[in-house]
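# Commentary on secondary and tertiary structure
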Amino acid sequence: MKKIYITFLLVSMHVVAIAQDALMSQFNDENLNRNPGLAGVFRGDFIVNAIYRNQWAYLNAPINTAYIQAQNKILIKDGLRDFFTIGFNASKDVAGSLALQNTYANASLTFNKAIEHEHATYISLGFTGGAVQQSFDPTKIRSNNQFSNGAFDGSLDPKEFVFTNKINFNTLAAGVSLSGGLGNNNNTKYYIGAAAFNLNRPKTSYFSDAYVRKAIRYSFNAGLRFTLSNAWSLAFTGNYSSQSPFEETIGGASLTWRQPSVMPGAYFALTMGSYYRLNDAIIGLIRIDYKNYNLTCTYDIPNPEVSKWISNAGAFEVGIGYRGFKSKFNNQVLCPGFEDNNLNN
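Along each chain, numbering runs from 1 in the same order as the chain's sequence is written. Local features in a predicted model are, by the rule used here, given only for residues with pLDDT of at least 70; side-chain atom pairs are given and counted only at 80 or more, and totals for whole chains, interfaces and linings are based on all residues. With hydrogens and water stripped out, all remaining heavy atoms of the structure feed into the side-chain values.

Moving on: the side chain of Gln-134. Mapped onto the elements, Gln-134 comes out in strand E5 (residues 121–135). What qualifies as a polar contact is a pair of N or O atoms within 3.5 Å, subject to a donor-acceptor requirement within protein and to the restriction that residues adjacent in sequence count only when both atoms come from side chains. Side-chain polar atoms of Gln-134 contact the side chain of Asn-102, separated by 3.1 Å. The way it works is that DSSP assigns letters per residue, a run of H or I at least four long becomes a helix, a run of E at least two long becomes a strand, and they are numbered from the N terminus.

Below you can see the structure in the form of structure tokens.
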């Protein structure tokens, strides 16, 4: 019975985890999963980054998630400041004794419209669509029928009907954002956005039940960065998502020190921050930017209420990224970026 309970618990936890589309603690580096309208809101011409998350590592079957995204700006016409951003993002997570998997891949297209020159103000409208597969390993099912005289016997038929162990469906999403700078030298930067995912309400049942559909996820995003000096900047970012009946609120602050007076192309910065996921965990962050590369690490420290039920319930994430600059493109398009003004120096 203990084995049955553990299996049921792991299944239940994963069902809860995928009931609302998952977001990483490094949410600032997965903007395509937050809002396709945030695509292109970065300094540079293209960017690629990847994140790996390990949660509840002490379990025999912990939750492991991998995420990757890429964005590339395409100039519409020489002399114009408007551009398109094409993007791609994909993710896969595996968890539980049934090897439950959730895999998706999306493509996105965003139109970034310049509406004001001096402060590099842009309004961006984005759309994304893709394919999702959810599955589990039916051979790992453990049922009451496989216990004989109080002991588990894997040779016995579990006598559990499984209509299918794999489902596939497509998703659609749309989002919008407004970004720009404030002040004479754009020393204050901001972005605000909103998006809706699963607009087509796809079927997500492992049984022949057409009434089980994925709920729409609404996402709201905001960020504010202050340049404090030639070396220091302070940023506040947050994200709220609602996917009935679940909600997630995460936000916090980060402080960045940039090495001043370095030669062009030798950019170096160190960022430390703290975030809070409501009713779940405190998140510590450290990030290093060197030239066009970055490395980010975060660790989730769960609330006492969570730790009371699940010991060692922390989660570790590591992320890497690269951004590129094209000289011709750089000379013609304003960068509606949220990062440090000197990032490409």
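Let's pick the thread back up.
Each aromatic ring pair is summarised here by two numbers: the centre-to-centre distance and the angle between the ring planes. Between 30 and 60 degrees the pair is tilted, below 30 it is stacked and above 60 it is edge-to-face, where a pair is any two Phe, Tyr or Trp rings, Trp via its six-membered ring, whose centres lie within 6.5 Å. What the rule picks out here adds up to nine aromatic pairs. Judged by centre distance (5.4 Å) and plane angle (45°), the ring pair of Phe-84 and Phe-111 falls under tilted. Here Phe-84 is found in strand E3 (residues 83–95), whereas its partner Phe-111 is found in strand E4 (residues 100–116), with 27 residues between them in sequence. Ring geometry for Tyr-293 against Tyr-322: centres 4.9 Å apart, planes inclined by 55°, an arrangement best described as tilted. Separated by 29 residues along the polypeptide, Tyr-293 in strand E15 (residues 293–302) and Tyr-322 in strand E16 (residues 315–324) bring together distant segments of the chain. A network of ring pairs unites the aromatic residues Phe-46, Tyr-293 and Tyr-322 as a single cluster.

Moving on, we get to the nonpolar core. With 14 residues, the main nonpolar core has Tyr-67, Leu-98 and Phe-136 as its most contacted residues. Broken down by secondary-structure element, the contributors of at least two residues to this core are E4 and strand E8 (166–182). When neighbours within four sequence positions are excluded, Tyr-67 is seen to be in contact with Met-24, Asp-29, Glu-30, Leu-32, Asn-33, Asn-49, Ala-50, Ile-51, Asn-89, Ala-90, Ser-91 and Tyr-104. Side-chain atoms within 4.5 Å link the members of a nonpolar core, which is a set of buried Ala, Val, Leu, Ile, Met, Phe, Trp, Tyr and Cys residues. For every residue, the accessible area obtained with a 1.4 Å probe (protein chains only) is divided by the maximum for its type, and the residue is called buried under 20%, exposed over 50%, and partly exposed between those limits. Counting residues in hydrophobic clusters, the runner-up holds five residues, among them Phe-27, Ile-250, Tyr-275 and Ile-283. Contacts between residues were defined by any pair of non-hydrogen atoms, one from each residue, lying within 4.5 Å.

The next thing to look at is the side chain of Ser-108. Mapped onto the elements of the fold, Ser-108 is located in strand E4. Ignoring anything within four residues of it in the chain, the contact list for Ser-108 reads Leu-32, Thr-85, Ile-86, Gly-87, Phe-88, Phe-127 and Thr-128.

Here we take up the pattern of salt bridges. When a carboxyl oxygen of Asp or Glu lies within 4 Å of a side-chain nitrogen of Lys or Arg, that pair is called a salt bridge. As enumerated under the stated definition, the model contains eight salt bridges in all. In this structure, the salt-bridge partner of Asp-29 is Arg-287, at a minimum N-O distance of 3.2 Å. With Asp-29 in the loop between helix H1 (2–19) and helix H2 (31–34) and Arg-287 in strand E14 (residues 281–290), the pair connects residues that are 258 residues apart, well separated along the chain. Across the pair, Arg-287 and Asp-29 agree in class, each one buried. Among the ionic pairs, Arg-53 bridges to Glu-317, the shortest N-O distance being 2.6 Å. Of the two residues, Arg-53 sits in strand E1 (residues 46–55) while Glu-317 sits in strand E16, which places them 264 residues apart along the sequence. The same class applies to Arg-53 and to Glu-317, which are both buried. A network of salt bridges, in which partner residues are shared, links Arg-53, Glu-248, Arg-277, Asp-280, Asp-300 and Glu-317.

Paired strands, as defined in this entry, are two strands with at least two bridges between them according to DSSP. Pairing analysis gives 13 bridges linking E3 to E4, with the strands arranged antiparallel. Bridging across to E4, Phe-88 finds its partner in Ala-107. The antiparallel hairpin formed by E3 and E4 contains four residues in its connecting segment, where Gly-96 sits at a positive phi of about 85°. Here E4 folds back onto E5, and the loop between the two strands holds four residues, one of which, Ala-120, carries a positive phi near 50°.

Turning next to the environment of Pro-245. By the secondary structure assignment, Pro-245 is in the loop between strand E11 (232–243) and strand E12 (246–258). Classification of Pro-245 by relative accessible area gives exposed; the value is 69%. Separated by 30 residues in sequence, Pro-245 and Ala-215 place their C-alpha atoms 8.9 Å apart.

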